[in-house]
Amino acid sequence: MRPQNQLHILFSRREIAATVSRLASEIRQDYHEKYPLLIGILKGSFMFLADLIRHLDFPLEVDFIGLASYGKGTQTSGKIKVVQRLQSPIEGREVLVIEDIVDTGLTTAFCLDYLRREKPASLKLCALTDKPSRRQVPVTIDYLGFTVPNKFLVGYGLDLNQKFRNLPDICFIEEED
Ligand code: IMP
């Protein structure tokens, strides 16, 4: 028999909503007079970013950058490339990067280095989830939602081979016979 993927809820939609609201208050305090540019890392951050900015009642802009790090399955290839460029110049802007998950840190560190070269006025990171047990390179997370265990997560934008992004809860996945 083929193994089945079993999904277990780690954070419910209600817990996620409370955390997104808490993060928005923190971001509001620091950015409400700064006209920030929020940059979502595609694809995983789209749902988080969409929910987050609904709480931010001050002027801001949104852009996206597409980075690819993973091949198929749950293992990183270690190689990161830009697959979709930013549309707006970021020189002199107050930039806040929005990430779904910091795992090995390779993608986020690459992204921050890449953006830093464009000379933003400031550059900070907001991550919904952090898996510190897997870290290979140091990453400073300025606004953090959840610290998560070393399990593969799906839902709320996170995927496994492009599936499960549409789940409203964050789940972990286990292969069971
Ligand atoms: P890192 O470069 O290892 O930190 O991984 C960053 C990217 O890998 C994230 O933006 C996700 O796209 C993907 N990723 C890492 N861990 C998970 C996971 O548990 N579920 C889904 N995607 C993940």
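About the thresholds
All residue numbers here refer to positions counted from 1 along the written sequence of the relevant chain. In keeping with the model being predicted, local features are shown solely for residues with a pLDDT of at least 70 and side-chain atom pairs are shown and tallied solely at 80 or more, while totals for entire chains, interfaces and linings include all residues. Hydrogens and water molecules were not included; the side-chain quantities draw on all heavy atoms of the structure. Each helix corresponds to a stretch of at least 4 residues labelled H or I by DSSP, and each strand to a stretch of at least 2 residues labelled E; elements are numbered beginning at the N terminus. Three exposure classes are used, based on accessible area relative to the maximum for each residue type with a 1.4 Å probe and protein chains only: buried under 20%, partly exposed in between, and exposed over 50%. The contact definition used throughout considers only heavy atoms, calling two residues in contact when any of these lie within 4.5 Å. The aromatic pairing rule takes the rings of Phe, Tyr and Trp, using the six-membered ring of Trp, and pairs them if the centres are within 6.5 Å, calling planes under 30 degrees apart stacked, those over 60 edge-to-face and the rest tilted. Identification of polar contacts relies on pairs of N or O atoms within 3.5 Å, with a donor-acceptor requirement for protein atoms, meaning one able to donate a hydrogen and the other able to accept it, and with residues adjacent in sequence counted only if both atoms are side-chain atoms.

(A) Expanded view of the environment of phenylalanine 46. Position of phenylalanine 46 relative to the elements: it lies in helix α2 (residues 46–54). Judged by its relative accessible area of 35%, phenylalanine 46 falls in the partly exposed class. Residues phenylalanine 46 and leucine 158 lie 112 residues apart in sequence; the distance between their C-alpha atoms is 9.5 Å. Sequence-distant contacts of phenylalanine 46, that is, excluding residues within four places in its chain, are made with Gly157 and Arg165.

(B) Here's a closer look at the packing of aromatic side chains. Applying the stated criterion across every chain yields a total of three aromatic pairs. Measuring from centroid to centroid gives 3.8 Å for phenylalanine 11 and phenylalanine 146, while their planes differ by 15°, and the two rings are stacked. Within this pair, whereas phenylalanine 11 is found in strand β1 (residues 4–11), its partner phenylalanine 146 is found in strand β7 (residues 143–147), the two being separated by 135 residues in sequence. For the residue pair phenylalanine 11 and phenylalanine 146, the accessibility class agrees, reading buried in each case.

(C) Just the environment of glutamate 94, in detail. Along the chain, glutamate 94 turns up in strand β5 (residues 94–102). As a C-alpha pair, glutamate 94 and leucine 49 span 45 residues in sequence and 17 Å in three-dimensional space. Look past the residues within four positions of glutamate 94 in its chain and what remains in contact with it is Tyr31, Lys34, Pro36, Leu37, Ala121 and Ser122. Polar side-chain contacts of glutamate 94 include one of 2.5 Å to the side chain of serine 122.

Note that all results are geometric; they support no functional claim without further evidence.
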